[in-house]
Amino acid sequence: DVKVTQSSRYLVKRTGEKVFLECVQDMDHENMFWYRQDPGLGLRLIYFSYDVKMKEKGDIPEGYSVSREKKERFSLILESASTNQTSMYLCASSFGVRGQPQHFGDGTRLSIL
Amino acid sequence: AQTVTQSQPEMSVQEAETVTLSCTYDTSESDYYLFWYKQPPSRQMILVIRQEAYKQQNATENRFSVNFQKAAKSFSLKISDSQLGDAAMYFCAYRSADPAPLGALRFGAGTRLTVKP
């Protein structure tokens, strides 16, 4: 089974802090994604990566950055956390072949105080 | 940009009965993929079923089946013989066959399904 592991299930940080959310997958997937999940809005794409050191903006990249130094690891960075970034964050990965489904981690519920 | 609409924020079904969750989408593309994901309280997003737009045959996975109407841009999920373990948030998702953005999904807002014993 594919395993996508997010480093924390719950995280509480303060406004202005730099926050790192880590995601690791064990299936040698080329593609990795970060989504944000909010009630009534579903999941929205923040950033994605299709190869090491490659990244592309999704629909809501403002206030976020990402890092992919190794194929299995994709980090989401909140440069200066704000209260409107309180949300559930989901990481996903997939093979770089058309039609392949994405596999998701368990999510990190992040609260910014 | 493609949009996905789930018009039922909440649905309920009696155990052992059948329920249908609705999903519509808007796209100008002819080649794409559609998915239903399930998110139980444990938060793990689980793929339920996948449909390829160029296949006319509706996808089926055990008790789960879809009604894919390409011209109407409709993609509903039917759950037969509902079980307590089916209670979850269900998301409809669209993915372009175009490589960019490669593999990214567009999600609907979700439908929360309650199963009554």
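Here we summarise the structure given alongside this text. (Residues numbered from 1 in each chain as written. Chains lettered and ligands numbered in written order. Predicted model: local features only at pLDDT ≥ 70, side-chain atom pairs only at ≥ 80, totals over all residues. Heavy atoms only, no water.)

With that out of the way, let us pick up the nonpolar core. All names here are of chain B. If you look at the biggest cluster of nonpolar residues, it comprises 25 residues, and the most contacted ones within it are Y25, W36, F75, L77 and Y90. Counting only elements with at least two residues in this core, the list comes to β3 (19-21), β5 (32-39), β6 (46-52), β8 (64-69), β9 (74-79), β10 (88-96) and β12 (111-116). Ranked by residue count, the leading element in this core is β10, at four residues. Dropping the residues within four chain positions of it, L77 is found in contact with V19, T20, L21, W36, V48, I49, F64, S65, V66 and Y90. (Core = buried A, V, L, I, M, F, W, Y, C linked by side-chain atoms within 4.5 Å. Buried < 20%, exposed > 50% of the residue type's maximum accessible area, 1.4 Å probe, protein only. Helix = DSSP H or I, 4+ residues; strand = E, 2+ residues; numbered from the N terminus. Contact = heavy atoms within 4.5 Å.)

The next subject is a nonpolar patch on the surface. A surface patch of nonpolar side chains, amounting to about 230 Å² of accessible area, comprises A:M27, A:F95 and A:V97. Locating A:M27 in the fold gives a position in the loop between β3 (19-25) and β4 (31-38). (Patch = residues over 30% accessible without salt bridge, like charges linked within 9 Å, V, L, I, M, F, W, Y side chains within 5 Å. Areas by Shrake-Rupley, 256 points an atom, 1.4 Å probe, with all protein chains shown as cover. Salt bridge = Lys/Arg side-chain N within 4 Å of Asp/Glu carboxyl O.)

Summed over the entire model, instances satisfying the criterion amount to eleven salt bridges over all chains. A salt bridge links A:K53 to A:E69; the shortest N-O distance between them is 2.4 Å. Taken together, the residues span a long stretch of sequence, with A:K53 in the loop between β5 (42-49) and β6 (56-57) and A:E69 in strand β7 (residues 64-70) at a distance of 16 residues. On the accessibility criterion, A:K53 (57% relative accessible area) is exposed. Two residues, B:R63 and B:D86, come together in a salt bridge whose shortest N-O distance is 2.8 Å. Taken as a pair, B:R63 in the loop between β7 (60-61) and β8 and B:D86 in the loop between β9 and β10 lie far apart in primary sequence, 23 residues in all. In this structure, B:R63 and B:D86 share a single accessibility class: buried. Via salt bridges that share partners, A:R36, A:D38 and A:R44 belong to a single interconnected network.

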